[in-house]
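# Working through the structure, step by step
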Amino acid sequence: MARNFNKMKKPKRSLAKRLFFGLFIFGLIMGVLGIAAAVGGWYWIGQQLPQLERLADYRPPAVTQILDKDGRLLSEFSHQRRYVVPLNQIPSDVIGAFVAAEDGDFFKHVGVDVLGIIRAAVANFRAGRVVQGGSTITQQVARALLLSPRRTMLRKAKEIVLAYRMEKYLTKEEILYLYLNQIYLGHGAYGIQAAAQTYFGKDCSKLVLAEGALIAGLIKAPTRYSPVRYPRRARARQEYVIGRMLADGQISPEEATAALNTQIKVQINPKATSHTDYYTEYVRQWLENRFGQADLYDGGLTVYTACDPAMTAAGQQAIKHGLADLTRRQGFKGPIAQVSKNELNAIKSRPVDRNGAQKDQIIKAVVTRVSNGYQNVTVRMGAARGKVIDDEEKFLKRYKKGLRPGDVIQVIPQSYDLKGKSWMVKVHQEPLAQSALLAIESGTGRVRVMIGGRDFDLSQFNRATQASRQPGSAFKPFIFSAALNHPSQKYTPTSVIMDAPVVYDDPGRPGVKWKPKNYEGRFYGPTTLRTALEHSRNVVTVKILSDMGLKYTIEYAKRFGFQSEIAPNLSLALGTCGMNLLELTKAYSVFANQGRLVDPVVVEKVVDRHGEVVYSAQQLVQQVISPQNAFLTTQLLRGVVQHGTGRQMLELGRPLAGKTGTTNDLRDALFMGFSPQLVCGVWVGQDDNKPLGRRETGGRAAGPIWKEFMGQALKDMPRADFPEPEGVVFVRVDKKTGQAVSAGQEGGFFEAFLAGTEPAVPAPGQVHTAQAEAVDGGETGGAVEDFMQSETFAPPTEAVPDPEKGGAPADSSSLQ
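Residues numbered from 1 in each chain as written. Predicted model: local features only at pLDDT ≥ 70, side-chain atom pairs only at ≥ 80, totals over all residues. Heavy atoms only, no water.

Another aspect to go through is the overall build of the protein chain. Broken down by element type, the protein chain carries 24 helices and 26 strands. In the protein chain, which comprises 816 residues, the proportion classed as buried is 49%. For the protein chain, long-range pairs separated by at least 24 residues make up 70% of all intrachain contacts whose partners lie at least 6 apart in sequence. Per element, the accessible surface of the protein chain, about 40000 Å² overall, is 52% carbon and sulfur. (Helix = DSSP H or I, 4+ residues; strand = E, 2+ residues; numbered from the N terminus. Buried < 20%, exposed > 50% of the residue type's maximum accessible area, 1.4 Å probe, protein only. Contact = heavy atoms within 4.5 Å. Areas by Shrake-Rupley, 256 points an atom, 1.4 Å probe, with all protein chains shown as cover.)

What follows is the structure in structure tokens.
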């Protein structure tokens, strides 16, 4: 019997099987689509990622360091305080601490720790906030160096892809090198080296495990776990890091216990810098001009300078003392403020207490009583009471308006009187004057000291390099050097010039009559070149300049390296041309360098972050005057110290040469001088160009600063004399006439001459005609005397100013 297959029923599949099959197909399709999307996304993200080749030239912002002559740190310039160090300078325990703190499986994964991401996601879900990160060290490096810090899903995806690629491109050690130099670790410290210096004041190579674990614990939140602000939190993080190292098998239980028990001292260590602000600011400007701001602040340069911090400190002290003495001589300038009568009564009614004042501290005080002239002046310094010492009477009397109760002044407590329950105080006044000091090493041109003012915090203007001031008589040595070198006039140190009245038509100022005169308002008759320079005789110098001619003299002076304009007029003899102290000191160094002009060296070498020398000072050394001329001029300048306006320098007991300089109306005071080892220039003046005060000459205002500084600067240097070149001869001559003294005659001194220009030595018993005339009162001497008595510069009714009483010749542009 045939079967009817069409009528037979097909067996039905169960609903569960159909549902499973459908889900399987859907899942398969979605899986394929997901894989395709992941591959496509991976490819799409990869196309937008930065090139990894950028990491090959890792150049994070790094600190530029300024070093002194011995390689010690002077100052730093940076936007981020970071010092890039190689991995081999970081102890292995410290590296292990960072790995344990941030990525325990760093050496196992391929850039991304999937299990770590899952663990972090679960922890964050349970906490309802972000409490744990899943980023590996590689991901952190990718984010910090190549990606934006913005938190987005796309950035996270890029971070994962980039981290995976980095693991293929770089070794684990190279990634750690980038990581440990890049991370921020709080208090302005970027990287492990900066953190070690900030928290422990040491190089990262000297960190111990306990210190490394403490720093590693900061990565999570540098501010929240700051060991300075929150020591307990920092301790907890340190314990966590050490515990992770123990769990990972990096250290033994004994090592962990020892690290936890290690006593460490944490404090914010300021940058180890010296107080050489004017010097380092000059270097900063030089670096910016040469290398640009980017390399200056982010380039990680190492700059080797010629600066000597010890000498600089000596210069600062000398300026402080010199300006303080000047301020006392200038007199009290008045109170800085006043209080009302009611305020004064309230101040006087306060109970007296010793507290509120400290010895040698500059503090404000209110004058409560003034009686018996200035012999009884009392003040209140908060609760403390003070009595102005009697020695201040002369200083205070200079203030014409008078000191009154209620005036606010500054005082310095000196000692405490237990019986009288009051401090004995000295009145303090901020100096009105400024000072600059430069010191250059002879021979090498290295600038050891550059001080551009009394306080960099108050004024950053560098008066040693930026201020153009008149040198006054400090310019005269260059005119005398020109005279000794003149091709036709044949001047020698004993050439005699008549110091007598003279009137000039100034070639630089047509139609102007000029009558030069000396500071003292008198004339000295026949004067040798030596005596004229020793005592800074203006008239003799002007006559020499006029005799040689302005063109020759200016061209000769430019040999010394002057860059400032030198105006062609006869007042040049009195130093009326403007120039800065660096120019003038460099010019004086020619005499100390046996006639060679050596370019000053401030920056000796600049090294980049890779150790490559990118700048090395190439000095230009030129023989600009003969060694013989330099020696003869030096001998004349030694006379200034031995017999002239620089006699106070004899206290140093060394061979020294120098020259004072004072400008018109006592506006600028200078002392320029040198030893065989060191050239130093000191300037004193006021920024508003007002006079310094009565009798404040170069010898009085600038000389003591120069003497104190050189005394300290030279104290550890061997005593040396100026070398004598060939072609110089010494002849015993008479001091006044400059004539040679015969062998049998007493007196005289040995003067240096260029060979062939020395005076003839008379036979024993023979006296030169000029000497005989001077002794016998002959015709020549009488004529000079009559001329001096009959001639004068001023009208008969005009009194000659008396320097001792504060007077100065109105047109005397140079005094001493």
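Next comes the rest of the write-up.
This brings us to the pattern of salt bridges. For the structure on display, the rule yields 29 salt bridges. In this structure, E76 and R81 form a salt bridge, with 3.8 Å as the shortest nitrogen-oxygen distance. Each member of the pair, E76 as well as R81, is classed as buried. Across the pair E696 and R329 runs a salt bridge, and its minimum N-O distance is 2.7 Å. Highlighted residues: E696 in the loop between β24 (678-685) and α22 (698-713) and R329 in helix α13 (residues 309-330), separated in sequence by 367 residues. Owing to a relative accessible area of 2%, E696 belongs among the buried residues under this scheme. (Salt bridge = Lys/Arg side-chain N within 4 Å of Asp/Glu carboxyl O.)

Judged by side-chain charge, K333, K394, R398, K400 and R694 come together as a positively charged surface patch. In this fold, R694 is placed in the loop between β24 and α22. The class of R694 is partly exposed, set by a relative accessible area of 46%. (Patch = residues over 30% accessible without salt bridge, like charges linked within 9 Å, V, L, I, M, F, W, Y side chains within 5 Å. Lys, Arg positive; Asp, Glu negative; His and termini not counted. Charge placed at Lys NZ, Arg CZ, Asp CG, Glu CD.)

Okay, the sheet that holds strand β2 (residues 73-77) next. With respect to topology, five strands assemble into an open sheet ordered β2-β1-β5-β19-β20, the strand pairing being mixed. Each having just a single partner strand, β2 and β20 (613-616) make up the two edges of the open sheet. Ignoring strand direction, the axes of neighbouring strands in this sheet form an average angle of 15°. Here strand β5 (residues 302-305) runs beside strand β19 (residues 603-607); their pairing, made up of four bridges, is antiparallel. Residue T302 lies in a different strand from β19, and its bridge partner there is V607. Seen against the sheet, helix α11 (residues 277-291) touches β1 (64-67), β2, β5, β19 and β20 and runs at an angle of roughly 55° to β19. (Pairing = 2+ DSSP bridges. Axes fitted to C-alpha atoms, helices over the stretch in contact; angles between N-to-C directions.)

This part is about the side chain of D103. Checked against the element boundaries, D103 lands in the loop between α2 (92-102) and α3 (114-127). Here D103 occupies a buried position and makes no salt bridge, while the nearest side chain of opposite charge, K172, is found at 6.3 Å. The contact partners of D103, leaving out residues within four places of it in the chain, are F98, H109, T136 and I137.

Before going further, it helps to spend a moment on the nonpolar core. Residues I544, F562 and Y588 are the most contacted members of the largest nonpolar core, which totals 85 residues. When residues of this core are assigned to their parent elements, the largest contribution, eight residues, is made by helix α20 (residues 581-592). In this structure, Y588 is in contact with A474, P477, F478, L637, K659, M672, F674 and V679, ignoring residues within four places of it in sequence. Ranked by size, the runner-up nonpolar core spans 51 residues in total, among them L87, F98, I192 and Y225. (Core = buried A, V, L, I, M, F, W, Y, C linked by side-chain atoms within 4.5 Å.)

Turning to the confidence of the model for the protein chain, a few remarks are in order. Within the protein chain, residue pLDDT values average 84, and 81% of them lie at 70 or more. Per-residue pLDDT stays below 50 along residues 769-815; that stretch engages in 72 contacts with residues further than four places along the chain or on separate chains. (pLDDT = per-residue confidence, 0-100.)

Bringing the packing of α2 against helix α6 (residues 172-182) into the picture now. Relative to each other, α2 and α6 sit at 85°, their axes nearing to 12 Å. In terms of their interaxial angle, α2 and α6 are classed as roughly perpendicular. Of the residues in α6, those touching α2 at I95, F98, V99 and E102 are L176, Y179 and L180. Split by residue class, the contact of α2 with α6 holds six nonpolar, no polar and one charged. (Parallel < 35°, antiparallel > 145°, perpendicular 65-115°, else oblique. Nonpolar A, V, L, I, M, F, W, Y, C, P; charged D, E, K, R; others polar.)

The next point concerns the sheet that holds strand β12 (residues 434-441). With antiparallel pairing, the five strands of this open sheet are ordered in space as β13-β12-β24-β23-β22. Each edge of the open sheet is held by one strand with a lone partner, namely β13 (447-451) and β22 (657-662). Taken over all neighbouring pairs, the strand axes of this sheet differ in orientation by 5° on average, direction set aside. In this sheet, strand β23 (residues 668-674) lies alongside β22 in antiparallel orientation, the contact comprising six bridges. Counted as the bridge partner of T660 is F671 from β23. Helix-sheet contacts for helix α21 (residues 627-643) involve β22 and β23, and the interaxial angle to β22 is about 65°. Contacts from α22 reach β12, β13, β22, β23 and β24, with the element oriented near 145° to β24.

All right, on to the packing of aromatic side chains then. Each aromatic ring pair is summarised here by two numbers: the centre-to-centre distance and the angle between the ring planes. Applying the stated criterion across every chain yields a total of 21 aromatic pairs. For the pair F332 and Y399, a centre-to-centre distance of 5.6 Å together with 80° between the ring planes defines the contact as edge-to-face. In this pair, F332 sits in the loop between α13 and β6 (337-338) while Y399 sits in the loop between α15 (393-397) and β10 (407-417), placing the two residues 67 residues apart along the sequence. Since its relative accessible area comes to 16%, Y399 is described here as buried. With 6.2 Å between their ring centres and 85° between their planes, F631 and F730 make a pair best called edge-to-face. Remark: F730 occurs in strand β25 (residues 728-733) and F631 occurs in helix α21; sequence separation between them is 99 residues. With relative accessibility at 7%, the residue F631 sits in the buried group. For F730, a relative accessible area of 34% translates into the label partly exposed. Over the aromatic face of F106 sits the side chain of K172, whose NZ or CZ is 4.4 Å from the ring centroid. (Phe/Tyr/Trp six-rings, centres within 6.5 Å; stacked < 30°, edge-to-face > 60°. Lys NZ or Arg CZ within 6 Å of the ring centre and 35° of its normal.)

Alignment of β19 against β20, held across three bridges, turns out to be antiparallel. Paired with V606 across the strands is Y615, a residue of β20. Linkage of β19 to β20, two consecutive antiparallel strands, is achieved through a turn of five residues, within which G611 is found at a positive phi near 85°.

Burial of β23 is extensive: seven of the seven residues sit out of reach of the surface. Where burial is concerned, the two faces of β23 agree: the one with D668, L670, M672 and F674 and the one with A669, F671 and G673 are both buried. Taking the residues between adjacent antiparallel strands as the criterion, β22 and β23 are bridged by five residues, where D665 takes a positive phi near 60°. Summarising the sheet, β23 and β24 pair through seven bridges and their orientation is antiparallel. The residue of β24 that forms the bridge with F671 is V682. Connecting β23 to the next strand, β24, in antiparallel fashion are three residues.

For α11, spanning 15 residues, the distance from its first C-alpha to its last is 20 Å, which sits close to the expected 21 Å at 1.5 Å a residue. Three or more residues of α11 are buried, namely Y278, Y279, T280, E281, V283, R284 and L287. Against the buried residues of α11 lie β1, β2, α12 (293-298), β5, β13 and β19. (Expected span 1.5 Å × (residues − 1).)

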